[in-house]
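# Fold and contact review
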Amino acid sequence: QQQVKQSPQSLIVQKGGISIINCAYENTAFDYFPWYQQFPGKGPALLIAIRPDVSEKKEGRFTISFNKSAKQFSLHIMDSQPGDSATYFCAASKSGLTLTFGKGTMLLVSP
Amino acid sequence: SQTIHQWPATLVQPVGSPLSLECTVEGTSNPNLYWYRQAAGRGLQLLFYSVGIGQISSEVPQNLSASRPQDRQFILSSKKLLLSDSGFYLCACNANGGTFGAGSRLTVL
């Protein structure tokens, strides 16, 4: 049973455009929702995270939108750059013990 | 800030040989530690986690085992590798706001 569903699997965006990646979860006990960025051959790096008492969090060009009633959250990358080309993972945790990851989205930002 | 060291970075092993991947953590004490396996297109699968020395929780039945001999050391082992053990193994500390290591790529031939 996949508890965190991520879409799309891959995404191509032109430089300067907005990249949007969506995730949906099933377990209402989840209380922490991070996004990770991973470059080829490297470990994932925490990008931005949100808790369910907030509907939106912005850090630079990266924004998480959170919809608690729909059990969905999304990552928006504004003014996407070629250097943003990477695989992005959403995740969810309950009580800070373990993370459940989505399957990832490969983002390619074309010059 | 937390730093995770993993070694070896790359490993090629024959089927049936033993395995030992090591992970050490700097910059924090008494961390929760995790071993994940990453397969292409399948995200990160949690294999083991530990909340303290000698305490190991297994998430999936498999050919692997984990040990935590010291507070900031986490080891992934196998007595006899299978072809299906090939993959990219990641060590991480602390679920919320946590850090991943650079990974160990294992190829079993």
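In the block above lies the structure referred to throughout.
## As for the state of the cysteines
Within the structure shown, the criterion is met by two disulfides over all chains. A sulfur-sulfur distance of 1.8 Å marks the disulfide that ties Cys 23 of chain A to Cys 90 of chain A. Judged by the sign of its S-S torsion, about -95°, the cystine formed by Cys 23 of chain A and Cys 90 of chain A is left-handed. Highlighted residues: Cys 23 of chain A in strand S3 (residues 19-25) and Cys 90 of chain A in strand S9 (residues 86-93), separated in sequence by 67 residues. Grouping residues by exposure puts Cys 23 of chain A and Cys 90 of chain A together as buried. The side chain of Cys 23 of chain B participates in a disulfide bridge whose partner is Cys 91 of chain B; the two sulfur atoms lie 1.9 Å from each other. Its torsion about the S-S bond being -65°, the disulfide of Cys 23 of chain B and Cys 91 of chain B is classed as left-handed. With a gap of 68 residues between them, Cys 23 of chain B in strand S3 (residues 19-26) and Cys 91 of chain B in strand S9 (residues 87-93) connect regions that are remote in the sequence. Judged by relative accessible area, which is 0%, Cys 91 of chain B ranks as buried. Note on Cys 93 of chain B: no disulfide assigned, nearest cysteine sulfur contributed by Cys 91 of chain B at a separation of 7.6 Å.

## Focus: the packing of aromatic side chains
All names here are of chain A. Applying the stated rule across the entire model yields 18 aromatic pairs over all chains. Ring plane angle 15° and centroid distance 6.1 Å describe the contact between Tyr 25 and Phe 66, whose orientation is recorded as stacked. Taken together, the residues span a long stretch of sequence, with Tyr 25 in strand S3 and Phe 66 in strand S7 (residues 62-67) at a distance of 41 residues. Side by side, Tyr 25 and Phe 66 carry an identical accessibility label, which is buried.

## Overview of the interface of chain A and chain B
At the interface, 18 residues of chain A touch 20 residues of chain B. Summed over both partners, the interface of chain A with chain B buries about 1,500 Å², with 58% contributed by carbon and sulfur atoms. By the criterion of area lost to chain B, the three top residues of chain A are Pro 44, Leu 97 and Phe 101 of chain A, representing 30% of everything that side buries. The tally of links between chain A and chain B comes to zero salt bridges. Counting across the chain A and chain B interface gives three residue pairs in polar contact (both at pLDDT 80 or more). When contributions to the side of chain A that touches chain B are tallied by element, the ones reaching two or more residues are strand S4 (33-38), S9 and strand S10 (99-101) of chain A.

## As for the sheet that holds S3 of chain A
Residues and elements named next belong to chain A. Taken in spatial order, the five strands of this open sheet run S1-S3-S8-S7-S6, and their pairing is antiparallel. Where the open sheet ends on each side, the last strands, each with one partner, are strand S1 (4-7) and strand S6 (56-59). Ignoring strand direction, the axes of neighbouring strands in this sheet form an average angle of 15°.

## Let's talk about the pattern of salt bridges
Residue and element names in this part refer to chain B. A complete count under the given rule lists four salt bridges over all chains for this structure. For Asp 85, the salt bridge identified is with Arg 37, shortest N-O distance 3.9 Å. You can see Asp 85 sitting in the loop between strand S8 (73-78) and S9 and its partner Arg 37 sitting in strand S4 (residues 33-38), a full 48 residues away along the chain. When its relative accessible area of 3% is taken as the criterion, Asp 85 is described as buried. On the basis of relative accessibility, which here comes to 16%, the residue Arg 37 falls in the buried class. In this structure, the salt-bridge partner of Asp 71 is Arg 68, at a minimum N-O distance of 3.3 Å.

Thresholds, definitions, all that
Residues numbered from 1 in each chain as written. Chains lettered and ligands numbered in written order. Predicted model: local features only at pLDDT ≥ 70, side-chain atom pairs only at ≥ 80, totals over all residues. Heavy atoms only, no water. Disulfide = S-S within 2.5 Å. Helix = DSSP H or I, 4+ residues; strand = E, 2+ residues; numbered from the N terminus. Buried < 20%, exposed > 50% of the residue type's maximum accessible area, 1.4 Å probe, protein only. Phe/Tyr/Trp six-rings, centres within 6.5 Å; stacked < 30°, edge-to-face > 60°. Contact = heavy atoms within 4.5 Å. Buried area = accessible area lost by both parts, 1.4 Å probe. Salt bridge = Lys/Arg side-chain N within 4 Å of Asp/Glu carboxyl O. Polar contact = N/O pair within 3.5 Å; in protein donor to acceptor, adjacent residues only side chain to side chain. Pairing = 2+ DSSP bridges. Axes fitted to C-alpha atoms, helices over the stretch in contact; angles between N-to-C directions.

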